[in-house]
Amino acid sequence: MSGKRESSELSEALSEFVAATAREYGIPGAAVAVLTGGREIRISHGVTHAEHPLPIDEHTLFPLASVTKTFTATALMRLVEQGRVDLEAPVRRYVPELRLADEEAAARITVLNLLNHTAGLDWNLVDADEGDGSLAVFVAQLDRLPQIAPPGARASYSQAGYNLAGRVVEKVTGLPFEKALAELVLEPLGLTDTVFDLDDVVVRRFAVGHNRAKDGTLTPARPWKSWRAGARANNPGGGIVSSMSDLLRWARFQLGDGEGVLTARTLERMRRPTVELRGSTLGDGLGICWFLRDVEGVRTVGHGGSGNGQFAELLLVPERDFAVVCLANAGPDGYLLNQAVLKRALELYLGLTESEPEPLPHDEERAREVAGGYEIDAMYLDVAVDAGRLTLAVGIKPDIRAASEADMPPDYPPAGIGFLPGAGDEYVITEGGLRGQRGYFSRGADGAVTGIDLAGRLFSRTARP
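Conventions we followed
- Starting afresh in each chain, residues are numbered from 1 along the sequence in its written order.
- The predicted nature of this model means local features are confined to residues of pLDDT at least 70 and side-chain atom pairs, given and counted, to a pLDDT of 80 or more, with totals for whole chains, interfaces and linings taken over all residues.
- In computing side-chain values, all of the structure's heavy atoms are included and hydrogens and water are not.
- In the sections that follow, a salt bridge refers to a side-chain nitrogen of Lys or Arg positioned within 4 Å of a carboxyl oxygen of Asp or Glu.
- Note on conventions: DSSP H or I runs of at least 4 residues are helices, E runs of at least 2 residues are strands, and numbering of each starts at the N terminus.
- Only protein chains enter the calculation, and the probe is 1.4 Å; a residue is then buried if its accessible area is under 20% of its type maximum, exposed if over 50%, and partly exposed in between.
- Any two residues whose heavy atoms approach within 4.5 Å at even a single point are treated as in contact.
- Polar contact is the term for a pair of N or O atoms within 3.5 Å; when the atoms are in protein, one must be able to donate a hydrogen and the other to accept it, and sequence-neighboring residues count only if both atoms are side-chain atoms.
- Pairing between two strands is assigned when DSSP locates at least 2 bridges connecting them.
- Working convention: axes come from line fits to C-alpha atoms, limited for helices to the stretch in contact. Angles between N-to-C directions cover 0 to 180 degrees.

K.L.:
Before we move on, can you summarise the pattern of salt bridges with the specific residues and values?
P.N.:
This structure, assessed with the given rule, holds 29 salt bridges. One salt bridge connects R42 with E58, and the closest N-O pair in it is separated by 3.0 Å. Here E58 lies in the loop between β2 (39-46) and β3 (62-63) and R42 lies in strand β2, a separation of 16 residues in the sequence. Taking relative accessible area as the criterion, E58 reaches 30% and is therefore assigned partly exposed. The salt bridge involving D425 is made with R443; its shortest N-O contact spans 2.5 Å. One end of the pair, D425, is in the loop between β16 (412-419) and β17 (426-429); the other, R443, is in strand β18 (residues 438-443), and 18 residues separate them in sequence. A single network of salt bridges, built from pairs that share partners, joins E97, R167, E170, K171, E178 and R232.

K.L.:
Summarise the environment of E81; cite the residues concerned and give the values.
P.N.:
Here E81 shows up in helix α2 (residues 68-81). Through-space distance from the C-alpha of E81 to that of L262 is 7.4 Å; in sequence the pair is 181 residues apart. Excluding residues within four positions of it along the chain, E81 makes contact with V261, L262, T263 and T266. In terms of polar contacts, E81 uses its side chain to reach the side chain of T263, at 2.7 Å.

K.L.:
Before we move on, could you go through the pairing of strand β12 (residues 322-328) and cite the residues and values that matter?
P.N.:
Counting buried residues in β12 gives seven out of seven residues, a clear majority hidden from the surface. Residues F322, V324, C326 and A328 point to one face of β12 and A323, V325 and L327 to the other, with burial holding for every one of them. Here seven bridges tie strand β1 (residues 29-36) to β12, and the two strands are oriented antiparallel to one another. Each bridged residue has a counterpart across the sheet, and for T36 the counterpart in β12 is F322. Looking at chain direction, strand β11 (residues 311-317) and β12 are connected through seven bridges and run antiparallel. Bridged to E313 within β12 is C326.

K.L.:
How would you explain the sheet that holds β1 if you had to name every residue and give the values?
P.N.:
Taken in spatial order, the eight strands make up an open sheet running β2-β1-β12-β11-β10-β9-β8-β7, and their pairing is antiparallel. The open sheet has two free edges, formed respectively by β2 and β7 (275-280), since each of these has just one partner strand. Within the sheet, the average angular offset between the axes of one strand and its neighbour, ignoring direction, is 20°. Sheet topology places strand β9 (residues 291-295) next to strand β10 (residues 298-306); five bridges connect them, and they run antiparallel. Looking across to β10, one finds that F291 is bridged to G302. Its contacts with the sheet put helix α12 (residues 333-350) on β1, β2, β11 and β12, and the angle it makes with β12 is roughly 155°.

The structure is reproduced here in C-alpha cells:
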C-alpha cells in the first residue's frame, strides 16, 4: 500500500503544480501525462476554449506541431527495416526530380541528413502551402530555399527537410503521406486519436489555441494549425493532431520492444547520437529525429512542437522506463508551462534536478560585437544593446505578416540575454516568453560574427552595427 500511496501523492503534487503554473501563466487548458514503471498518470487541467469552454480530458485533441517529426522518422525507419529505403542513399534515389538552390547539395543530401537536420537546408519555404498545398508542389519549389551549409557540415533544424522526407515516403509507398503513415505506424499501434485532417478533428473534442494580445487578453488563434485548412505540404514536419492518451501509447511504444512495427534495435538506434549540438536548450545532440540531453548523467530523449497558440512536449527517459507528455493551448507562455512541468516531473518521479545556467555580467564591448540583425526565411532576430544590457527580439518579417491572410502569433519583444561562461559565444535568454532558451553566435574564418543559433536553427547575419 505504501507504494500506491506514494504514487498517489506524487500524482497529486504534479497535478497541483500543473494547476498553479497554468494559473501563473494564464493558460486556459493543459493536458499532462506521465508513464512511470508501466503506470500511467493523466492530468487534465482547464478548458478547450477561453470563450466556449469544455473541460480538457484524456482524449482532447491538440495539434502536435513538430512532435509530428517523431512519427515521420519512425515511418521512414520502418521502410528502412523493410529494405525499401537506405538511410545513406541520396534523396534523389527516391525523389529524382529534386532540385535545390545548390546542385551539388541536391546530389549529395542523404535520407539521414533529412532525419538529423544536417542537410544544410534553411528552415522552410515561407509560402509552402501555395498552389494545391501538396508535397509534390512543395518539393518542386525547393530550389528557392537557401542552402545555409554543406550537407553533413552541421545541424540546423529544418521543417523543409522533414517535408522532403515525407515526399520520400510518398514516392516509396505510392500512397499519400498521411495514408502511408497511418498504414505504417498509426493503425498497427492503435493510435485512434491521432489524425491529420480537420474533418477528423471537428467531430471530436479539441483544444483551441490562444495568443496573448499586448493588453494581456487571449484571442483564439487562426488558423487552427499554423497554415490554412487543407494544406498538406507541412504535414510531415508538423501536421499531426493527437491526445495525451495516444501520446502515452506512443511513448510506451518508443520505450518498448517495437511491437512488430520496428525492432527494439532500430528504436535504440534512433536514440543514438548522430551529430552533436552546441549550446542548445534542445539538447546535446541529435539521434534520428530525437533530441538527446543528459540531466545529472541520465540520458533523456525528446521532441517539442510549437504551433499557433499551442505547444507540445514529449520527453522519454529510456533507462528509467519513464515518459512525460505536456500539451498547452496558449502562447507564448504555453512553452514556459511545458518546460516547467517537464522539469518538475523529472524532480518528483526520478529525483533529477536540472540546474539553470548562470549568465556572466554584462560586457559592453562583447555585446556590441554581436548586436545586429539576423534572419531566416520568415523570421528575424534583432540583437541590441539597450541601457547597459543585451536584448534579443524575435518576430515574423513585417512584409510576410502584412501579406498573410492568417492571424499570426505576436512577435517576442526585446528580452534580456546574457553570455554564458566558457570560451564560446553561448548565451541564455533570461526573461520573457523564451526564457531559458540557449543558443550561440557563430563566426567566420576571420572571427567576425556571421550568425546566431536559436531553437536549433541558424539565423544568418544581415546587418552589422
